[in-house]
Amino acid sequence: TLFRSLGEKIGEGAMGEVYLAEQLTPVRRDVALKRLRGDHDPAIWLQRFQIGIEALSGIDHPHIATVHDAGVDSTGRPYFAMELVEGLPITEHSDRFGLSPDARLQLLATVCLAVHHAHRRGVLHGDLKPANILVAVDEDGRPVPKLIDFGTRRFRAGHFPFVGLGTPGFASPEQCDGSR
């Protein structure tokens, strides 16, 4: 076993459920372990999961959560283990700490640079919303935003796969209507 569940569900979305877990090898650390939901047919969703993992494995940025491992568990369900970000959604963080408009814009500018970094590597964040931008606080008390849960899409000029995925209310009009 590469991971030991710590039992706590820390998130869920359309594709999967995320649990707090301990990675046992090759490095012992706490991780966010995302597994495909049990009510999905793994054969259909495995390709999407694999595209996301391949895309994210090539991205190294201080404001994008790192993917540590990926595979298929003993039940045939795909999973990936990523950096555990102990923070709040960007809007909740901003409200809780009473950030000024300038400080909020500074956080957003940092997020935009991370998104730009991913785009330059051919990766689109398919579900960009406040809940997928967690803000942790570093040892000096500074906010550190991290993009998580990409709902990833790879793209090439003029081609945007998996149109229609994303969270209603946050997805672009082009994503919702299939025009891009």
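Only a predicted model underlies this, so the values are computations on that prediction, with no experimental measurement involved.

Peer 1: Which residues make up the pairing of strand β8 (residues 133-137), and what values do they have?
Peer 2: Each regular strand displays side chains that alternate between the two surfaces of the sheet. With respect to burial, β8 is a largely interior element, four of its five residues being buried. With two bridges joining them, strand β6 (residues 88-89) and β8 adopt antiparallel strand pairing. In the sheet register, P89 faces β8, and the bridge partner there is L134. The pairing of β8 with strand β9 (residues 143-147) spans five bridges and is antiparallel. Bridge pairing links A136 to V144 in β9. Connecting β8 to the antiparallel partner β9 that follows it, the hairpin turn spans five residues, and G141 within it adopts a positive phi of roughly 85°.

Peer 1: Explain the nonpolar core to me, using residue names and the numbers behind them.
Peer 2: Ranked by internal contacts, the top residues of the largest apolar core, which has 28 residues, are I64, L147 and F150. Going through the elements one at a time, α1 (42-57), β5 (78-83), α3 (101-120) and β8 are the ones with two or more residues in this core. Residue contributions to this core peak at five residues, all from α3. Setting aside residues no more than four positions away along its own chain, I64 makes contact with I59, E83, A114, H117, A118, K146, L147 and F150. Ranked by size, the runner-up nonpolar core spans six residues in total, among them F3, A21, V31 and L33.

Peer 1: Residues and numbers for unusual backbone geometry, please.
Peer 2: Residues T25 and P26 are joined by a peptide bond in cis, for which omega reads -5°. Here P26 lies in the loop between β2 (16-23) and β3 (29-36).

Peer 1: Let's hear about α3: which residues, and what values?
Peer 2: Across its 20 residues, α3 extends 28 Å between first and last C-alpha, which sits within 8% of the 28 Å expected from 1.5 Å per residue. For α3, the complete set of buried residues consists of L107, V111, A114, V115, H117 and A118. Seen along its axis, α3 keeps its buried residues to an arc of 155°; they face one direction. Exposed side chains of α3 directed beyond 90 degrees from the buried face belong to P101, D102, L105, Q106, L113 and R120.

Peer 1: I'd like a description of the sheet that holds β6, backed by residues and values.
Peer 2: If you trace the three strands from one edge of the open sheet to the other, you get β6-β8-β9, paired in antiparallel fashion. Of all strands in the sheet, those bounded by a partner on one side alone are β6 and β9. Its contacts with the sheet put α3 on β8 and β9, and the angle it makes with β9 is roughly 35°.

Peer 1: Would you mind going over the side chain of D73 in detail, with residue names and values included?
Peer 2: Note that D73 resides in the loop between β4 (67-72) and β5. Side-chain polar atoms of D73 contact the side chain of R35, separated by 2.7 Å. In terms of polar contacts, D73 uses its side chain to reach the side chain of T75, at 2.6 Å. Not counting the four nearest positions on each side in its chain, D73 is found in contact with R35 and Y79.

Peer 1: Requested: an account of the sheet that holds β5, with residues and values cited.
Peer 2: Pairing between sheet strands relies on hydrogen bonds along the backbone, with the strands arranged either parallel or antiparallel. Taken in spatial order, the five strands make up an open sheet running β1-β2-β3-β5-β4, and their pairing is antiparallel. Two strands bound the open sheet, and with one partner strand each, they are β1 (3-12) and β4. Adjacent strand axes in the sheet meet at a mean angle of 25°, parallel and antiparallel pairs treated alike. In this sheet, β5 lies alongside β4 in antiparallel orientation, the contact comprising five bridges. Paired with V67 across the two strands is M82, which belongs to β5.

Cut-off values and rules
Residues numbered from 1 in each chain as written. Predicted model: local features only at pLDDT ≥ 70, side-chain atom pairs only at ≥ 80, totals over all residues. Heavy atoms only, no water. Buried < 20%, exposed > 50% of the residue type's maximum accessible area, 1.4 Å probe, protein only. Helix = DSSP H or I, 4+ residues; strand = E, 2+ residues; numbered from the N terminus. Pairing = 2+ DSSP bridges. Core = buried A, V, L, I, M, F, W, Y, C linked by side-chain atoms within 4.5 Å. Contact = heavy atoms within 4.5 Å. Expected span 1.5 Å × (residues − 1). Arc of directions from axis to C-beta. Axes fitted to C-alpha atoms, helices over the stretch in contact; angles between N-to-C directions. Polar contact = N/O pair within 3.5 Å; in protein donor to acceptor, adjacent residues only side chain to side chain.

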